[in-house]
Structures are given as C-alpha cells and as structure tokens.
Amino acid sequence: KNEVEQSPQNLTAQEGEFITINCSYSVGISALHWLQQHPGGGIVSLFMLSSGKKKHGRLIATINIQEKHSSLHITASHPRDSAVYICAVRKYGGSQGNLIFGKGTKLSVKP
Amino acid sequence: NAGVMQNPRHLVRRRGQEARLRCSPMKGHSHVYWYRQLPEEGLKFMVYLQKENIIDESGMPKERFSAEFPKEGPSILRIQQVVRGDSAAYFCASSPQRAGGHETQYFGPGTRLLVL
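Below is a summary of the structure that appears in this document. As the structure is a computational prediction, the values presented were derived from the model and not from experiment.

### Concerning the pattern of salt bridges
Okay, step 1: Using the criterion set out here, one finds 5 salt bridges over all chains in the structure.
Okay, step 2: One salt bridge in this structure joins Glu3(A) and Lys91(A), with 3.4 Å as the shortest N-O distance. Of this pair, Glu3(A) sits in the segment before β1 (4-7) while Lys91(A) sits in strand β9 (residues 83-91); the two residues are 88 residues apart in sequence, bridging distant segments of the chain.
Okay, step 3: We classify Glu3(A) as partly exposed; its relative accessible area is 30%.
Okay, step 4: Here Glu18(B) and Arg78(B) are joined by a salt bridge, their closest N and O atoms 2.9 Å apart. Highlighted residues: Glu18(B) in the loop between β2 (10-13) and β3 (19-24) and Arg78(B) in strand β8 (residues 75-79), separated in sequence by 60 residues.
Okay, step 5: In this structure Glu18(B) comes out as partly exposed when scored by relative accessible area, which is 29%.
Okay, step 6: Counted as one network, the salt bridges with shared partners bring together Glu18(B), Arg20(B) and Arg78(B).

So, in structure tokens, the structure goes:
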C-alpha cells in the first residue's frame, strides 16, 4: 500500500463547480505539499502546510493531522484549472527534499 | 528573477551512453532537489543538495547515477551507461535557505530523457 493515497484518480467537472481532491497518508509527517502539474508537464507548488488551512485565490487547502488527511478545494472551477494535482508529504525526521508523492488526481474542467 | 532553469529540455541517448542534466536554481537559492517521474508513474525523490554538499541521496540508484552542486555553476545529474528504464522526466527544484527547514520548492520545466 502506498504511503500517500489520493482520491479520486480522475475527476471531470463542469465549469463553475466546487471541487474537492483528497489525500490520505499513513506516516507521521512534518509538512504536506500540494502541487499542480500542467498538461505540458510543468510543476507548480500550490501550498505547503503542516496544520490548519491555507487559502490562495480560489484554492483552499486543509489538513487534519490527527486523521492523517488533507483536502484541496477549488471554488468556481474553470477550464484552466485542468491539470494533475499531486499531494506530497515530508516524513517526520526526513530531509526537506525527501518527499513522498501521491500518484496524482487528473482534473478536467469542461466549459 | 528567472525561474529554475533546466537544460536540455529533451535529451535522446542510446543505451550505454552518458546523460548529463543541468539545473540552475533561482537566484539566491542554495538548495537543489532532483526528482524523477517515470512514464505513467508518480514523482520520486532522488537527491537533495546544497552548495558543494550532498544532504540526502537516499533516493538515488546505487549505481550509474551521481549528482553534484558545485560552488560555481549549475547542479548536474549524471547518468552513466544509460538503459531504457532510465527514460523519464527529471525535474529539478530549488528553495532558499531559511530557518525551520520548511520551504516552498520552485520547480524547473524538467528534462525528458529518452533512451533508445
């Protein structure tokens, strides 16, 4: 079993819909990252969090350390949000670069 | 401020040749990370370097792979005697050095290596 699991694997939404992507992990962590990989392959770091909630524009990331679970929400989704969203964790005691990645959630937003 | 730069963007090698992948971090960043993404698979950590030092190489294959980040110049990921299984996208990321060790990483565009 992977140490980082994401759901769903694939997600299709209509423009304007509220989207939630889930990430569960089975190890103790010191930080969790959400990344976005564009169709062309480029990767952008969206959030890094270790507790609570962060918001940037239409994106919201939450984490529940006790339940070992994080969610990424997209409000008022738009076709340009179509991408693969990747959750990654830094294990407690691990180096800051040693991230364990989920397999990603492929999001397609239709106009 | 230019972002993280990687070159070449695409690299084709025949089995047995050497591949050299370069990464220039963002200005002012002293931490570099290399990750590999095999076809249809997730990203995997390879190595974490600071200037002139390897901090964590626990994700590097034991043979044929090496990495450096010299005092001057880009970080280099070197793959000797490439095999078809090395075909992948190799991403470099960088971050600044700040207290606490929790830093956002900025990713380069990646190098797509194809081994024929």
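So much for the structure itself; the text now carries on.
### A closer look at the interface of chain A and chain B
Okay, step 1: Listed by partner, the interface residues are 19 residues for chain A and 20 residues for chain B.
Okay, step 2: The junction of chain A with chain B conceals about 1600 Å² of combined surface from both sides, 55% of it contributed by carbon and sulfur atoms.
Okay, step 3: Per-residue buried area on chain A facing chain B is highest for Ile43(A), Gln96(A) and Phe101(A); these three make up 35% of the total on that side.
Okay, step 4: Our enumeration of links across chain A and chain B arrives at 0 salt bridges.
Okay, step 5: Our count for the contact surface shared by chain A and chain B stands at 8 residue pairs in polar contact (both at pLDDT 80 or more).
Okay, step 6: For the side of chain A that touches chain B, the secondary-structure elements that each account for two or more residues are β4 (29-37), β5 (43-49), β9 and β10 (99-101) of chain A.
Okay, step 7: Counting residues per element, the side of chain A that touches chain B draws most heavily on β4(A), at 5 residues.

What counts and how
- Residues numbered from 1 in each chain as written.
- Chains lettered and ligands numbered in written order.
- Predicted model: local features only at pLDDT ≥ 70, side-chain atom pairs only at ≥ 80, totals over all residues.
- Heavy atoms only, no water.
- Salt bridge = Lys/Arg side-chain N within 4 Å of Asp/Glu carboxyl O.
- Helix = DSSP H or I, 4+ residues; strand = E, 2+ residues; numbered from the N terminus.
- Buried < 20%, exposed > 50% of the residue type's maximum accessible area, 1.4 Å probe, protein only.
- Contact = heavy atoms within 4.5 Å.
- Buried area = accessible area lost by both parts, 1.4 Å probe.
- Polar contact = N/O pair within 3.5 Å; in protein donor to acceptor, adjacent residues only side chain to side chain.

Everything listed here is a matter of geometry and, on its own, says nothing about what the molecule does.
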